[in-house]
Amino acid sequence: MHAHATGSSTSSGHIGQVAVETRILELFDPIRLDQGNAAFSHRLDHSPLWRTDAIHRARNLAQMTSALAAVAQHPTRHWLPDDVVSQARCLARAYQELGAECGQADLVPCAALLGEVATRLTQIFGRARGIGVSLDIDPVYLAPDRRRALILMCSEMMINALKYGYLARAGGLILIALKDEVGGIALSVEDDGDGAVVGYCGGHGGSLLEQLSGVCGAELTRTTGGKGHGYRVRAVLRA
């Protein structure tokens, strides 16, 4: 699977869209939640509680994207791109599916929903800056709770990359891979931006990624990008 989003063709429209993208992206920024999440870091040892929090996070994201679509559709919001409504509604439906209560026995597919979230996030929050997304996703099946945590992790990684990865320059590509490997299911999110912002690292134990990794039993590693710049996060779910 491969998708690539590009920026606006006119300089005035491009500048306007960049400002809109970055301002709205503030609402989705997981780093803003770290203070509150740190107070509940003990929940890492109580996965049923974090399962509930993951459901709430997915539903909150669905509500935010639904609200974004409603705002974009209002006739006074001419500064928003014309297709934000459809993109936001598609993203809201994906987050709603993630937030739905599911049984624990049956495995569910990950590829389509992961690709939908990654593509829509990039279209809404990266297109004006020329940021695209490349998807390399195997047909992986997981239990609903693990899929929810995994896709939310990918969502948070992408929001981090879109917000913090491209401050020094415009344009780039975020690489998303979900691979069924011998050692487990591996999710990696890598950007090719400047990666120089301290807050982007999110290395402390109370961060949202650590909490979500506790739900799905993933091991996190953080490195620079494959070309020596940017930022890469890899999560491996053991069987």
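Criteria and thresholds
- Residues numbered from 1 in each chain as written.
- Predicted model: local features only at pLDDT ≥ 70, side-chain atom pairs only at ≥ 80, totals over all residues.
- Heavy atoms only, no water.
- Helix = DSSP H or I, 4+ residues; strand = E, 2+ residues; numbered from the N terminus.
- Expected span 1.5 Å × (residues − 1).
- Buried < 20%, exposed > 50% of the residue type's maximum accessible area, 1.4 Å probe, protein only.
- Salt bridge = Lys/Arg side-chain N within 4 Å of Asp/Glu carboxyl O.
- Core = buried A, V, L, I, M, F, W, Y, C linked by side-chain atoms within 4.5 Å.
- Contact = heavy atoms within 4.5 Å.

Asks: Explain helix H4 (residues 84–99) here, please?
Replies: Given 3.6 residues per helical turn, the α-helix brings residues three or four places apart onto the same face. Taking 1.5 Å of rise per residue, 16 residues should cover 22 Å, and H4 covers 22 Å from first to last C-alpha, within 8% of that figure. Listed in full, the buried residues belonging to H4 are Val84, Val85, Gln87, Ala88, Cys90, Leu91, Ala92, Ala94, Tyr95, Leu98 and Gly99.

Asks: So what exactly am I meant to see when it comes to the pattern of salt bridges here?
Replies: Between side chains of opposite charge, pairing is possible as soon as their charged atoms come close. Going through the model one piece at a time under the given rule, you end up with 13 salt bridges. Two residues, arginine 222 and glutamate 210, come together in a salt bridge whose shortest N-O distance is 3.1 Å. You can see arginine 222 sitting in strand S7 (residues 218–223) and its partner glutamate 210 sitting in helix H7 (residues 208–216), a full 12 residues away along the chain. Taking relative accessible area as the criterion, arginine 222 reaches 26% and is therefore assigned partly exposed.

Asks: I would appreciate a short explanation of the nonpolar core in the present structure.
Replies: For soluble globular proteins, the rule of thumb is that nonpolar side chains tend to be buried together. Counting residues in each nonpolar core, the largest one holds 62 residues, and the members touching the most others are Leu121, Phe125, Met158, Ile174, Ile176, Leu178 and Leu187. Examining the composition of this core, we find that 11 residues originate from one element, helix H6 (residues 144–164), more than from any other. Residue contacts for leucine 178: discarding those within four places in its chain leaves Cys110, Leu114, Asp136, Ile137, Asp138, Val140, Leu150, Ile185, Ala186 and Leu187.

Asks: How should I be thinking about the environment of leucine 98 in this particular structure?
Replies: Within the secondary structure, leucine 98 is located in helix H4. We classify leucine 98 as buried; its relative accessible area is 2%. Sequence separation between leucine 98 and alanine 62 is 36 residues, and the spatial gap between their C-alpha atoms is 9.0 Å. The residues touching leucine 98, leaving out its near neighbours within four places in the chain, are Ala58, Leu113, Arg147, Arg148, Ile151 and Leu152.

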